[in-house]
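Structural overview for review
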Amino acid sequence: MHKSEDEIPFGREIAFHLSESTALDVHGSHSRVLQASSNETLLAIIYRSIQVVVFSNRFNLLIPFGPLAILVEKLTDHHGWVFALSLLGIMPLAERLGFATEQLAFYTGDTVGGLLNATFGNATELIISLYALKSGLTRVVQLSLLGSILSNMLLVLGCAFLCGGIVFHKKEQVFNKAAATVNSGLLLMAVMGLLFPAVLHYTHTEMHVGKSELVLSRFSSCVMLVAYAAYLFFQLKSQKSLYASVNEDEIQTGNNSNNDESPDLSKWESIIWLSVLTAWISILSEYLVGAIEGASTSWKIPIAFISVILLPLVGNAAEHGSAIMFAMKDKLDISLGVAIGSSTQISMFVIPFCVVVAWIMGIPMDLNFQLFETAALFLTVIVVAFMLQEGTANYFKGLMLVLCYLIVAASFYVHVDSQPVD
């Protein structure tokens, strides 16, 4: 005879606990399935992200040269090899930094995208400059930042105009003339900030010899930082319509052929890759800066040429690739935002920022870049301003800018720096 559940001692409690444990087992197994599924999804995302960033570009074959440079530095005293390997190792990282910034620019629009490209494109120069300041190499900081401006304005912009003009040879490419004019004005202001300390030095008209030049440089640097902050507010908040690119107008009217373009990385993937690449570049930059003097001695090449020509070629790898790619897609406003915007940011933010940081560190870095270097910058700004005044671009203008850069490079190769590296 079967007893009912009520007749069994603690029957209801046992039944309740059995049903509860069964439910918990079912719920736990369901949770484990969901967790495994999410883990697989996360692994798939990580694998796809690494595939896109690391293995999708043949240029990344140079990445192993970075660890090799560290190994050579630890095992030998060949500074020339350390410098060359560090140079080669940083180049693909700088290019990938530009790629990650370009992916992030998909979520921000053309104006902010150009600003992001200029900012993270200059991360390499800023990191190298800070390590050089830490080592007391103020002259290397001055020359490398000057070289970055010259490289961006002549080589990067020239290659963008040249490649875009060749692809669209049947028409003349156009860009936002108003935005280019504002950037040209800021570059002339930067030239003014660099010119007066040099003139004060070479005319021997300082009120307090050895002090007035440094005080003027620090004051001018603070003014330039304020001007750059005002420029950012003007560009991003106050007068956004002034910086509306031709491509944004085409998107609104539906005439843009690149509307179906989509990013390869998500917003957070792009931010994470930007952080990783910046950290790895900062590690290699320390070895690069430490080997500059040894490389100059072993290669018998002036430090001025290494600082003005070779270092910026590495730092501008990101800008170079981005500017050319956007120009070949007929997005010349972004190319200008990358090349001219990067030059503006270096001259109005990075250089004054380094002067202020050196001031805090007790290092007497000033804005006197010497007469030869200041003249090269002044003539470069004038040439580029004339090229931009019509608001159009073609392959001939690009060829002229590239040839001007070759003249500048040859000039620094035969130039003996009047102020030796500390």
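A quick note: this is a predicted structure, and the numbers were derived from the prediction, not measured.

A closer look at the overall build of the chain
Helices and strands together make up the secondary structure of the chain, namely 16 helices and 2 strands. Put simply, the chain has 422 residues, and 48% of those count as buried. Considering only residue pairs separated by 6 or more positions, the chain has 83% of its internal contacts joining residues 24 or more positions apart. Entry remark: accessible area of the chain is about 20,700 Å², with carbon and sulfur atoms responsible for 68%.

Quick word on helix H14 (residues 332-361)
For H14, with 30 residues, the first-to-last C-alpha span of 40 Å sits near the 44 Å given by 1.5 Å per residue. At Ile-346, H14 shows its strongest bend, of approximately 40 degrees. Among the 30 residues of H14, 24 are classified as buried, and the element is accordingly described as predominantly covered. Phi turns positive one or two residues past the end of H14, at Gly-362, with a value near 80 degrees.

Looking at the packing of helix H2 (residues 65-75) against helix H10 (residues 267-290)
Two elements in contact, H2 and H10, have axes whose closest approach is 10 Å; the angle formed by their N-to-C orientations is 35 degrees. Remark: the crossing between H2 and H10 carries left-handed chirality. Of the residues in H10, those in contact with Gly-66, Pro-67, Ile-70, Glu-73 and Lys-74 of H2 are Trp-280, Ile-283, Leu-284 and Tyr-287. Residue composition of the contact of H2 with H10, by class: 6 nonpolar, 1 polar and 2 charged.

What to know about the layout of surface pockets
In this approach the atoms are scanned with a rolling probe the size of a water molecule, which exposes any empty space left behind. In this model, the second largest pocket occupies a volume close to 190 Å³. If you go around the second largest pocket, the residues you meet are Leu-154, Phe-372, Ala-375, Ala-376, Leu-379, Thr-380, Val-383, Cys-404, Ile-407, Val-408, Ser-411 and Phe-412. Elements that contribute at least two residues to the lining of the second largest pocket include exactly helix H15 (371-388) and helix H16 (395-413). Looking at the lining of the second largest pocket, the element that brings in the most residues is H15, giving 6 residues.

Notes on helix H11 (residues 292-299)
Restricting attention to buried positions, one finds in H11 the residues Ile-292, Ala-295 and Ser-296. The buried residues of H11 occupy an angular sector of 100 degrees when the element is viewed end-on, so they sit on one face.

Remarks on the packing of aromatic side chains
Counting across every chain of the model gives 7 aromatic pairs. Their ring planes at 20 degrees and their centres at 5.5 Å tell us that Phe-349 and Phe-353 sit as a pair that is stacked. Of this pair, Phe-349 and Phe-353 both sit in helix H14, 4 residues apart, which is roughly one turn of that helix. Among the aromatic residues, ring-to-ring pairing joins Tyr-228, Tyr-231, Phe-349 and Phe-353 into one connected group.

A closer look at unusual backbone geometry
Phi at Lys-300 takes a positive value of approximately 55 degrees, unusual for a residue other than glycine. Even without being glycine, Asp-330 reaches a positive phi, approximately 65 degrees. With respect to the helices, strands and loops of the structure, Asp-330 is situated in the loop between helix H13 (317-328) and H14.

Concerning the side chain of Gln-103
Among the secondary structure elements, Gln-103 is positioned in helix H3 (residues 79-105). Of the residues examined, Gln-103 reaches a relative accessible area of 2% and is grouped as buried. Of note is the side chain of Gln-103, whose polar atom sits 2.5 Å from the backbone nitrogen of Asp-264.

Notes on the environment of Leu-288
Looking at the element boundaries, Leu-288 is found in helix H10. For Leu-288, the contacting residues outside a window of four places in its chain are Phe-83, Ser-86, Leu-87, Ile-90, Ile-128 and Leu-311.

Observations concerning the pattern of salt bridges
For the coordinates displayed, the defined rule picks out 4 salt bridges. Among the salt bridges present, the one from Arg-48 reaches Glu-269, with a minimum N-O distance of 2.9 Å. Here Glu-269 lies in helix H10 and Arg-48 lies in helix H1 (residues 11-53), a separation of 221 residues in the sequence. For Arg-48, a relative accessible area of 34% corresponds to the partly exposed category. Overall, the relative accessible area of 10% leaves Glu-269 in the buried class. Two residues, Glu-390 and Lys-397, come together in a salt bridge whose shortest N-O distance is 3.4 Å. According to the relative accessible area criterion, Glu-390 is exposed, its value standing at 54%.

Considerations on the confidence of the model for the chain
When pLDDT is averaged along the chain, the result is 80, and 81% of the positions lie at 70 or above. Within the chain, the lowest mean pLDDT, 47, falls on helix H9 (residues 246-253), and the highest, 94, falls on H16. In the model, residues 1-37 has pLDDT below 50 throughout and makes 6 contacts with residues more than four positions away in sequence or in other chains. With pLDDT under 50 throughout, residues 249-259 is counted as low confidence; its partners more than four residues away or in other chains account for 8 contacts.

What about the nonpolar core?
If you look at the biggest cluster of nonpolar residues, it comprises 105 residues, and the most contacted ones within it are Phe-83, Leu-157, Phe-161, Leu-336 and Leu-388. Looking at which element gives the most residues to this core, the answer is helix H6 (residues 138-167), with 15 residues. With sequence-adjacent residues up to four places away left out, Leu-336 is seen in contact with Leu-157, Phe-161, Phe-175, Ala-180, Gly-341 and Leu-388.

The rules behind each value
Residues numbered from 1 in each chain as written. Predicted model: local features only at pLDDT ≥ 70, side-chain atom pairs only at ≥ 80, totals over all residues. Heavy atoms only, no water. Helix = DSSP H or I, 4+ residues; strand = E, 2+ residues; numbered from the N terminus. Buried < 20%, exposed > 50% of the residue type's maximum accessible area, 1.4 Å probe, protein only. Contact = heavy atoms within 4.5 Å. Areas by Shrake-Rupley, 256 points an atom, 1.4 Å probe, with all protein chains shown as cover. Expected span 1.5 Å × (residues − 1). Bend = angle between axes of the 7 residues up to and from the residue. Axes fitted to C-alpha atoms, helices over the stretch in contact; angles between N-to-C directions. Left-handed = near helix turned anticlockwise from the far one by under 90°. Nonpolar A, V, L, I, M, F, W, Y, C, P; charged D, E, K, R; others polar. 1 Å grid on protein atoms, 1.4 Å probe; cavity = no way out; pocket = protein on both sides within 12 Å on 5 of 7 lines; lining within 4 Å. Points joined across faces, edges and corners; volume = space filled by probe spheres on them. Arc of directions from axis to C-beta. Phe/Tyr/Trp six-rings, centres within 6.5 Å; stacked < 30°, edge-to-face > 60°. Polar contact = N/O pair within 3.5 Å; in protein donor to acceptor, adjacent residues only side chain to side chain. Salt bridge = Lys/Arg side-chain N within 4 Å of Asp/Glu carboxyl O. pLDDT = per-residue confidence, 0-100. Core = buried A, V, L, I, M, F, W, Y, C linked by side-chain atoms within 4.5 Å.

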